[in-house]
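The chain contents come next:
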Amino acid sequence: EDKKGDYRARQMRRICRLGVVDRVTFTGHRDDIRGILSMSDLVFCVSSKPESFGRTAVEALALGRPVIGFDHGGIGEVLGEVYPSGLVAVGDEKALYAKTLEMLDSPPLVPDRQPYLKAEMQAKTLALYESLCA
């Protein structure tokens, strides 16, 4: 989107400064997020604004892809429970850079156990509603 152009330009400058241009791809809007996540060496969830749930992290981890994310909001909660090695303090660019190099050099395993499966979350939500109605 046009309104995201400045954001992309800032990110490109940062990527160039960090020397990782050959390892980063901007895809634009895509409908095949599963395919994108599946082929990613790392998935980043580093928004400065905390997300309420952290769906990107859940989806990437379910596909066995390592995730690096800021330790706040839903991302912090998901990674804290499922993949704490991917947590980085909010805004700590040096730690983010070091974690990125570490994970690219020696990709960590993603645990098979994923507590945020759709069917499980639906069942827990319905159970909660039923208990509240009782």
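Conventions and cut-offs
Residues numbered from 1 in each chain as written. Predicted model: local features only at pLDDT ≥ 70, side-chain atom pairs only at ≥ 80, totals over all residues. Heavy atoms only, no water. Buried < 20%, exposed > 50% of the residue type's maximum accessible area, 1.4 Å probe, protein only. Helix = DSSP H or I, 4+ residues; strand = E, 2+ residues; numbered from the N terminus. Pairing = 2+ DSSP bridges. Right-handed = clockwise from strand over helix to strand, strands pointing away. Axes fitted to C-alpha atoms, helices over the stretch in contact; angles between N-to-C directions. Parallel < 35°, antiparallel > 145°, perpendicular 65-115°, else oblique. Contact = heavy atoms within 4.5 Å. Salt bridge = Lys/Arg side-chain N within 4 Å of Asp/Glu carboxyl O. Core = buried A, V, L, I, M, F, W, Y, C linked by side-chain atoms within 4.5 Å.

**Q** I keep staring at the pairing of strand β2 (residues 67–70) and nothing clicks. Help me out?
**A** Side-chain alternation along β2 places Val67 and Gly69 on one buried face and Ile68 and Phe70 on a second face that is also buried. Here strand β1 (residues 43–45) runs beside β2; their pairing, made up of 3 bridges, is parallel. By the bridge assignment, Cys45 is partnered in β2 with Gly69. For the segment spanning β1, helix α3 (residues 55–62) and β2, crossover handedness is right-handed. A crossover links β2 with its parallel partner strand β3 (residues 87–88), the connecting element being helix α4 (residues 73–82), and its sense is right-handed.

**Q** Honestly, the packing of α3 against α4 in this entry has me stumped. Any pointers?
**A** Two quantities define a packed helix pair, namely the angle between the helix axes and the distance between the axes. One can describe the packing of α3 onto α4 by two numbers: an axis separation of 8 Å at closest approach and a directional angle of 30°. Considering their axes alone, α3 and α4 lie roughly parallel with respect to each other. Here Ala57, Val58 and Leu61 of α3 come into contact with α4, specifically with Ile75, Val78, Leu79 and Val82.

**Q** Explanation requested: the pattern of salt bridges in the structure shown.
**A** Pairing is possible between side chains of opposite charge, provided their charged atoms come close. Using the criterion set out here, one finds 6 salt bridges in the structure. Where Arg30 meets Asp32, a salt bridge forms, and the shortest distance between an N and an O atom there is 2.9 Å. A relative accessible area of 38% means that Arg30 is categorised as partly exposed. Glu59 is the partner of Arg55 in a salt bridge, and the nearest nitrogen-oxygen pair spans 2.6 Å. Linking Arg55 with Glu59, this pair stays in helix α3, spanning 4 residues, or about one helical turn.

**Q** Can you walk me through the sheet that holds β1 in this structure?
**A** Either a parallel or an antiparallel arrangement is found when strands of a sheet pair, and the pairing is made through backbone hydrogen bonds. Pairing in this open sheet of 3 strands is parallel, and the strands run β1-β2-β3 from one edge to the other. For this open sheet the edge positions go to β1 and β3, each flanked by a neighbour on one side alone. Alignment of β2 against β3, held across 2 bridges, turns out to be parallel. Within β3, the position partnered with Phe70 by the bridge is Val88.

**Q** Got a minute to help me understand the nonpolar core in this structure?
**A** Side chains that are nonpolar tend, in soluble globular proteins, to be buried together. Among the nonpolar cores identified, the biggest contains 21 residues, and Ala57, Leu61, Val67, Ile68, Val78, Leu79 and Tyr83 are the most heavily contacted of them. Counting only elements with at least two residues in this core, the list comes to β1, α3, β2, α4 and α5 (93–105). Those residues in contact with Leu79, other than ones at most four positions away along the chain, are Leu61, Val67, Ile68, Gly69, Pro84, Gly86 and Leu87.

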